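# Working through the structure, step by step
Listed below are the residues making up each chain.
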Amino acid sequence: MRSAKPYTNATFTHRVDHEAGRHRPARAPTEPRVCGTCGAVYRGRRWVRAVPGPAPVSSSGAAAAVTTCPGCRRVAEHAARGFLYLSGAFVDAHRDEIERLVKAEARRTLDDNPTARIIAWEAMPAGPLVVTTTTEHLAERLGHALEKAYDGDVRFDFSHENKLARVYWHRD
Ligand SMILES: [Zn+2]
C-alpha cells in the first residue's frame, strides 16, 4: 500500500544556487527589470551586467520595470554576507598592492554576478583590515585570489543557516 503522505516539492523550493547569485524564488518576478542605481538587468532569472545599447524590454515590448538590485540594496543597507579579514605584517606593508588586487578581482566578479560587490573597507585599530561583501561567494573568491597571489594562510568559515561567509587571510 502506498503511503498517503502527500509528496510536495517544498523540499526543493528553498535551494539556493550558490554560483552566480542565481536565486529561484517561488514566484518569478516580472522580467526584465533594471536596477535604477547600477543598471544591472534581471532576466532569465538572474542579474546580468548592463550592456550598452537600447534599454531592455519585455517580450511584449514593454519597458523594463525599474527596481534596486540585491547588490545595490545590500551596499546601501550595509547588509554584508561576506567578511574578509586580512591580518599580519605583510598586510600593513603592502596595503596599496593588496587593495588593488582585491578591487581588480571584485571587478572581474561583476562579469559573473553584478550583485557581488565590496561594501566597505574597515581598518580596525590594532586589528585586521575587514572587507565586507554583498555575497558569500565574493569573500571566498577574494580569499582565494589573495592566497594565489601572496600565499599566506587562508581559512574559510561558512554558516549556511545565516548565509554568511567569514574568510581569514593572514601573512606575516
Ligand atoms: Zn544595482
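See the structure above.
Quick summary incoming for the structure in this document. (Residues numbered from 1 in each chain as written. Predicted model: local features only at pLDDT ≥ 70, side-chain atom pairs only at ≥ 80, totals over all residues. Heavy atoms only, no water.)

### Let's talk about the pairing of strand β9 (residues 164–170)
Test applied: Only protein chains enter the accessibility calculation, which uses a 1.4 Å probe; a residue is then buried when its area is under 20% of its type maximum, exposed when over 50%, and partly exposed in between. Per the convention used, a helix needs a DSSP run of H or I reaching at least four residues, while a strand needs a run of E reaching at least two, with both numbered from the N terminus. For two strands to pair, DSSP has to find at least two bridges joining them.
Residues Ala165, Val167 and Trp169 line the buried face of β9, whereas the alternating positions Leu164, Arg166, Tyr168 and His170 sit on a face that is not buried. Alignment of strand β8 (residues 153–159) against β9, held across 7 bridges, turns out to be antiparallel. Across the sheet, residue phenylalanine 158 finds its bridge partner in β9, namely alanine 165. What sits between β8 and β9 in their antiparallel hairpin is a turn of 4 residues, with lysine 163 showing a positive phi close to 55°.

### Some remarks on the sheet that holds strand β3 (residues 46–48)
The line we're drawing: Only the contacting stretch of a helix is used when fitting its axis, a line to C-alpha atoms as for every element, and angles between N-to-C directions run 0 to 180 degrees.
Read from one edge to the other, the open sheet built from 4 strands follows the order β3-β2-β1-β4, with strand pairing classed as mixed. The open sheet has two free edges, formed respectively by β3 and β4 (65–67), since each of these has just one partner strand. On average, each strand axis in the sheet is tilted by 35° relative to the strand beside it, whichever way the strands run. Pairing between strand β1 (residues 33–35) and β4: 3 bridges, direction parallel. Its bridge partner being in β4, cysteine 35 is matched across the sheet by threonine 67.

### Re the coordination of the zinc ion
For clarity, the cut-off: In this analysis a donor is any N, O or S atom within 2.8 Å of a metal ion (3.2 Å for sodium, potassium and calcium), and since water is not included, sites may seem incomplete. In short, tetrahedral needs four donors with all angles between 85 and 135 degrees, square planar needs four and octahedral six donors with opposite donors over 155 degrees apart and all other angles between 65 and 115, and whatever is left is irregular.
The zinc ion binds to the protein through Cys35 (SG), Cys38 (SG), Cys69 (SG) and Cys72 (SG); the donor distances cover 2.3 Å. Geometry at the zinc ion is tetrahedral, judged from the 4 donor atoms that bind it and their angles of 107 to 113° at the metal. Between consecutive donors of the zinc ion, the numbers of intervening residues give the motif C-x2-C-x30-C-x2-C. Each member of the pair, cysteine 69 as well as cysteine 72, carries the same accessibility label: buried.

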